[in-house]
Amino acid sequence: MFDTIKERFGSIFSALGSKGKLSQQDIDDAAREIRRALLEADVNFKVVKQLTEAVKQRAEGQKIVNSVTPSQQIFTIVYEELVKIMGEEPAPLKISPKPPTVYLMAGLQGSGKTTSTVKIAKRLQSKGHKCLAVACDLRRPAAVEQLRVTAERAKVAFYGPENGETNPVSVAEKALGYAEDHLCDVILIDTAGRLQLDEELMQELEEIKTAVSPTEILLVADSMTGQEAVNVASAFNDKLSLTGVVLTKLDGDARGGPSLAIRSATGVPIKLAGCGEKTEDLELFDAKRMAQRILGMGDLQGLLEKVQASTNLSDMQKLTDNVMSNRFTLNDMLAQLQQIQKLGPLDKIVEMLPIPGAAKALQNADVDGKRLKHLEAVILSMTPEERSNPAVIKGSRRRRIAEGSGTTVQQVNQLLAQYDQMKGMMKSFGGMSGKKMKQLASMMKFKNKFF
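Source: prediction; values computed, not measured.

Inspection of every chain in the model, using the stated rule, returns 3 aromatic pairs. For the ring pair Phe9 and Phe13, a centre distance of 6.0 Å and an interplane angle of 15° mean the geometry is stacked. With Phe9 and Phe13 both in helix H1 (residues 3–16) and 4 residues apart, the pair spans about one turn of that helix. Centre to centre, the rings of Tyr159 and Tyr178 are 4.9 Å apart; their planes meet at 45°, and the pair counts as tilted. Highlighted residues: Tyr159 in strand E3 (residues 157–159) and Tyr178 in helix H7 (residues 168–181), separated in sequence by 19 residues. Owing to a relative accessible area of 7%, Tyr159 belongs among the buried residues under this scheme. One aromatic cluster in this structure is built from Phe9, Phe13 and Phe75.

In structure tokens, the structure reads:
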């Protein structure tokens, strides 16, 4: 995420690192490089001008602090200006005090409306709401079936056209009654998109808006389209008065242009960001955390939220008890492997760590998600006795385990060697006091404030 702009900013701050004091020329050079980096990231030129002028003005008036280097001074200014442009505070989705809450999902074809609709519904349901996904895209072939299947997989209620209904406004109106009958307090209306903006599309959306009086009108915008996403947001906002933007495919966006420009160019806040294909890959857009990622500072809060969401507290308590009693088994190792896989691709996890260049260095490392699957398969091919007491796994058993897991004896040997290393490490933890171990476990028990 944001690899291009992250590298450019890194070069700019590195060049300033050797400076003892900032001259006017240094400030001008830094501002020019920042402008170039932003333009290469496909940021709207008006936003680029606004940010670089603010950075230059603040840098020129900055008082010299002996304990802070010129590079740190410029870094801090750029960070604060990025946050200001993207929106100071997160903008959670509004929930109507009088149910139902209605979200009207708009956007161009291929932007990810259907997927985002179900992702939002899934997240809200985890907070205690009962959601209804409504199919009002009656133009694109199989659009209704796509939403139906996606919603069913996520265990979200679905409503679509009946008896050959072709009027999306009528479907939206009937969905209100269906939601009331089935006690759904949140309705998400998936509307039709086009390959490009046209008057017919806008007219249809305006009619649906009038019919259902939505609590939020959310534009789903593809971050991979760069500055065009800003133009699309402006056009939709002019016609519909958007209340928020859901930015999709952020995990594949190397430039970061839309993230930086939409709020400033349109006045519409980015409320949510999609960072993957799974229904869980949706997060509240936080300008401070995004600015940290753009500047290579990582996102530890986001990482902790991922760990918390994928961690089973009862399993963790069991692991803690086993570690304290020196009973770390292959069952515990299996649980840890499965938890790691739930976090997502390793390169995305490393990107959230405050380690400059870590993600890039990982590209050349021998890291493969399939290897974790192989390790898991090896353990699953063992008997309960073997998992509890690996000492019994001798030659013939190792061959049987390798055949059962579709691996080799060498891979089985490697897993057992890794287990021995982990057991030794866990044994050192076993010497910790019960109080310290409980403190370690409690670090995972923090509240996840998504909406």
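Looking now at the side chain of Lys113. Within the secondary structure, Lys113 sits in helix H5 (residues 113–126). Here Lys113 sits buried without a salt bridge, and the closest side chain of opposite charge, Asp190, lies 5.0 Å off (N-O distance). Once residues within four sequence positions are removed from consideration, Lys113 is found in contact with Met105, Ala106, Gly107, Leu108, Asp190, Thr191, Ala192, Gly193 and Val220.

With that out of the way, let us pick up empty space enclosed by the protein. Going through the model one piece at a time under the given rule, you end up with 2 cavities of 30 Å³ or more. As a volume, the largest cavity reaches approximately 50 Å³. Around the largest cavity, the lining residues are Arg371, His374, Leu375, Val378, Thr407, Gln411 and Gln414. Mapped onto the lining of the largest cavity, the elements with two or more residues apiece are helix H17 (369–380) and helix H20 (409–429). It is H17 that contributes the most residues to the lining of the largest cavity, 4 residues altogether. Considering only residue class, the lining of the largest cavity consists of 2 nonpolar, 4 polar and 1 charged. The space that makes up the second largest cavity amounts to roughly 40 Å³. Taken together, Met86, Gly87, Glu89, Pro90, Ala91, Arg263, Pro269, Ile270, Phe285 and Ala287 make up the lining of the second largest cavity. Taken together, the residues of the lining of the second largest cavity sort by class into 7 nonpolar, 1 polar and 2 charged.

Most of strand E6 (residues 244–248) sits out of view: 5 of its 5 residues are buried. Residues Gly244, Val246 and Thr248 of E6 are buried on one face, and the alternating residues Val245 and Leu247, pointing to the opposite face, are buried as well. Pairing geometry for strand E5 (residues 216–222) and E6, over 5 bridges, is parallel. Residue pairing across strands places Asp222 opposite Thr248, the latter belonging to E6. Traced from E5 through helix H9 (residues 227–240) to E6, the parallel crossover comes out right-handed. Bridge count between E6 and strand E7 (residues 270–274): 3 bridges; the pairing is parallel.

What follows is about the sheet that holds strand E1 (residues 101–106). Spatially, E3-E2-E4-E1-E5-E6-E7-E8 is the arrangement adopted by the 8 strands of the open sheet, whose pairing is mixed. Both outer strands of the open sheet, E3 and strand E8 (282–284), are each paired with one neighbouring strand and no more. Adjacent strand axes in the sheet meet at a mean angle of 25° when their direction is disregarded. Sheet analysis places strand E2 (residues 131–136) next to strand E4 (residues 186–191), joined by 6 bridges and oriented parallel. Across the sheet, Ala135 pairs through a bridge with Asp190, a residue of E4. Seen against the sheet, H9 touches E1 and E5 and runs at an angle of roughly 160° to E5.

Cis peptide bonds are those with omega within 30 degrees of zero, and the linkage from Pro99 to Pro100 qualifies with 5°. Considering the arrangement of structural elements, one finds Pro100 in the loop between helix H4 (70–86) and E1. Even without glycine at this site, Ala142 takes up a positive phi of about 70°. Structurally, Ala142 is set in the loop between E2 and helix H6 (143–153). With a relative accessible area of 57%, Ala142 lands in the exposed category.

Okay, the pattern of salt bridges next. By the definition in use, this model includes 20 salt bridges. Notably, a salt bridge pairs Glu81 with Arg58, separated by 3.1 Å at the nearest N-O pair. One end of the pair, Glu81, is in helix H4; the other, Arg58, is in helix H3 (residues 45–60), with 23 residues separating them in the sequence. Across the pair Glu386 and Arg400 runs a salt bridge whose closest N-O atoms are separated by 2.8 Å. Of this pair, Glu386 sits in helix H18 (residues 384–388) while Arg400 sits in helix H19 (residues 395–405), and the two are 14 residues apart along the sequence. On the basis of relative accessibility, which here comes to 0%, the residue Glu386 falls in the buried class. Taken together, the shared-partner salt bridges in this structure form one network comprising Arg8, Glu33, Arg36 and Glu40.

How each quantity is defined
In every chain, residue numbers begin from 1 and rise along the written sequence. Note on the predicted model: pLDDT of at least 70 is required for a residue's local features to be given, and 80 or more for side-chain atom pairs to be given and counted; whole-chain, interface and lining totals, by contrast, use all residues. Each side-chain value is derived from all of the structure's non-hydrogen atoms; neither hydrogens nor water enter the calculation. Stacked, tilted and edge-to-face pairs are distinguished by plane angle, under 30 degrees for stacked and over 60 for edge-to-face with tilted covering the rest, among Phe, Tyr and Trp rings (Trp via its six-membered ring) whose centres lie within 6.5 Å. Counting from the N terminus, the helices are the DSSP runs of H or I reaching at least four residues and the strands are the DSSP runs of E reaching at least two. Per-residue accessibility, obtained with a 1.4 Å probe over protein chains only, is compared with the maximum for each type, and a residue is labelled buried under 20%, exposed over 50%, and partly exposed between these values. For the purpose of counting charges, residues Lys and Arg are taken to be positive, whereas Asp and Glu are taken to be negative. His and the chain ends are not included. Salt bridges are defined as contacts in which a side-chain nitrogen from Lys or Arg sits within 4 Å of a carboxyl oxygen from Asp or Glu. Any two residues whose heavy atoms approach within 4.5 Å are treated as being in contact. Each cavity reported here is a set of points on a 1 Å grid over the protein atoms alone in which a 1.4 Å probe fits but cannot get out, each pocket an open set with protein on both sides within 12 Å along at least five of seven lines, and each lining residue one with an atom within 4 Å of a point. Grid points are joined across faces, edges and corners, and a volume is the space filled by probe spheres set on the points. The nonpolar class holds Ala, Val, Leu, Ile, Met, Phe, Trp, Tyr, Cys and Pro. Asp, Glu, Lys and Arg form the charged class, and all remaining residues, Gly among them, are polar. Should DSSP find at least two bridges between two strands, the strands are taken to pair. Every crossover in which the path from the first strand over the helix to the second runs clockwise, viewed with the strands pointing away from the viewer, is termed right-handed. Interaxial angle, 0 to 180 degrees, is taken between N-to-C directions of lines fitted to C-alpha atoms, where a helix line uses only the stretch in contact.

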